[in-house]
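A look at the structure
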Amino acid sequence: MNPSCQIRGRFAPSPSGRMHLGNAWTALLAWLSARSRGGAMILRMEDLDPDRCKPHFARHILEDLSWLGLDWDEGPDVGGPHGPYTQDERRDLYQRCLDELAARGMVYPCTCTRAELRAAQASQADAGAGSGDVADDGAPHSGVTQAPHAGEAEPVYAGTCLRLTPEERSARQGRGRGAALRLVVPRVRISFTDRVLGPQSQELAEECGDFVLRRSDGVHAYQLAVVADDANQQITEVVRGADLLSSTARQIHLFHTFGWRAPDYAHVPLLVDPDGRRLSKRRGDVDLGQLRDAGASPQAIVGYLAWKAGLLDAPRRAAPQDLVDGFSFAPLPAGPLVVEHNWMEVVG
Ligand code: GLU
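The notes below deal with the structure included here.

Rules behind the numbers
Residues numbered from 1 in each chain as written. Predicted model: local features only at pLDDT ≥ 70, side-chain atom pairs only at ≥ 80, totals over all residues. Heavy atoms only, no water. Pairing = 2+ DSSP bridges. Helix = DSSP H or I, 4+ residues; strand = E, 2+ residues; numbered from the N terminus. Axes fitted to C-alpha atoms, helices over the stretch in contact; angles between N-to-C directions. Contact = heavy atoms within 4.5 Å. Phe/Tyr/Trp six-rings, centres within 6.5 Å; stacked < 30°, edge-to-face > 60°. Buried < 20%, exposed > 50% of the residue type's maximum accessible area, 1.4 Å probe, protein only. Lys NZ or Arg CZ within 6 Å of the ring centre and 35° of its normal.

**Description of the sheet that holds strand 2 (residues 40–43)**
- The sheet built from four strands is open, its strands ordered 2-1-8-9 with parallel pairing. The sheet is open, and its two edges are formed by strand 2 and strand 9 (264–268), each paired on a single side. When the angles between neighbouring strand axes are averaged without regard to direction, this sheet yields 25°.
- Taken together, the five bridges between strand 8 (residues 237–241) and strand 9 define a ladder with parallel strand orientation. Within strand 9, the position partnered with Arg-240 by the bridge is His-267.
- Sheet strands touched by helix 9 (residues 245–258): strand 8 and strand 9. Its angle to strand 9, the strand with the most contacts, is close to 170°.

**A short note on the packing of aromatic side chains**
- Applying the stated criterion across every chain yields a total of five aromatic pairs.
- Taking 5.2 Å as the distance between ring centres and 80° as the angle between the ring planes, the aromatic pair formed by Phe-327 and Phe-329 counts as edge-to-face. Each member of the pair, Phe-327 together with Phe-329, is buried.
- An aromatic cluster is defined as three or more aromatic residues linked by ring pairs; in this entry it consists of Tyr-304, Trp-307 and Trp-343.
- In this structure, Arg-182 packs its charged tip against the face of Tyr-157, placed 3.6 Å from the ring centre.
- Sitting above the plane of the Phe-211 ring, Arg-250 keeps its charged end 6.0 Å from the centroid.

Function cannot be read off these values alone, since they describe shape.
Dropping the structure here:
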């Protein structure tokens, strides 16, 4: 096999907003990890939620990544053997995967309303329960079709609809409730070694519960789509923000259920504001489009990020290619990294 095909890393942004420094950070590290080991870089647009993802944002993502000096071997603009590279065009694959799970008796309809889920969540909070996945009552909801990010509440589903009698089920459906589809999650512990964070382990039924595979309006869920895509596109390494760590056990469980090999995962620390909150696109000095329009240098941005990652011992301008030799995740700190308010002046 051609060595350049053994590692297939990917960057999978959601075109639900402009790129900001946090997206650039993850993209740079994913690119460096793949390139430093002679791997291929795959770019995939995760645009499943029609209400949030705007086509012109996908164009901005391509422009911003190229401007930073990153490139990719397969993607929506360059094509490749595992296309298409936008999720909107891959819905048949997700449905085939869902049909397979349904044929194996692993899927059930859930007609819980958002209010019912909220009430269950409140009682779980009282009881101190952990995280899971919010179902949807048909209205757009980012927690299912888009990756759940840190700070987004994810209650463990109580299994209400799994336990309904046939009469109760038809009574609910008779009230015109659309049904989401959930995976029956067995009692299983998923363990893996993250390339940045080390050994991880999650008791899936207790910590996640039965999670949504398809929204009640027919839109496939992030957790299913991303696994179907990573397997179909032969991704061997996923580098993404640490806020997605809580999704990984669910995804590995899906890989195992389908009999597929899961990729390696590297969850990199988040970039945060000085007050500890996630970077906001509203902060103009971290919006890549605004920075570009204002004449910022991409090498200053890449150099700043490389310094934050411990790849440079002092902040200075750098191109991504300068950082490939000897790249390692080892210097990355475990916790979030603060982006100072005057961060553009740091590199000069
Ligand atoms: N599309 C997701 C996001 O932008 C990334 C999901 C992933 O890398 O698995 O947050």
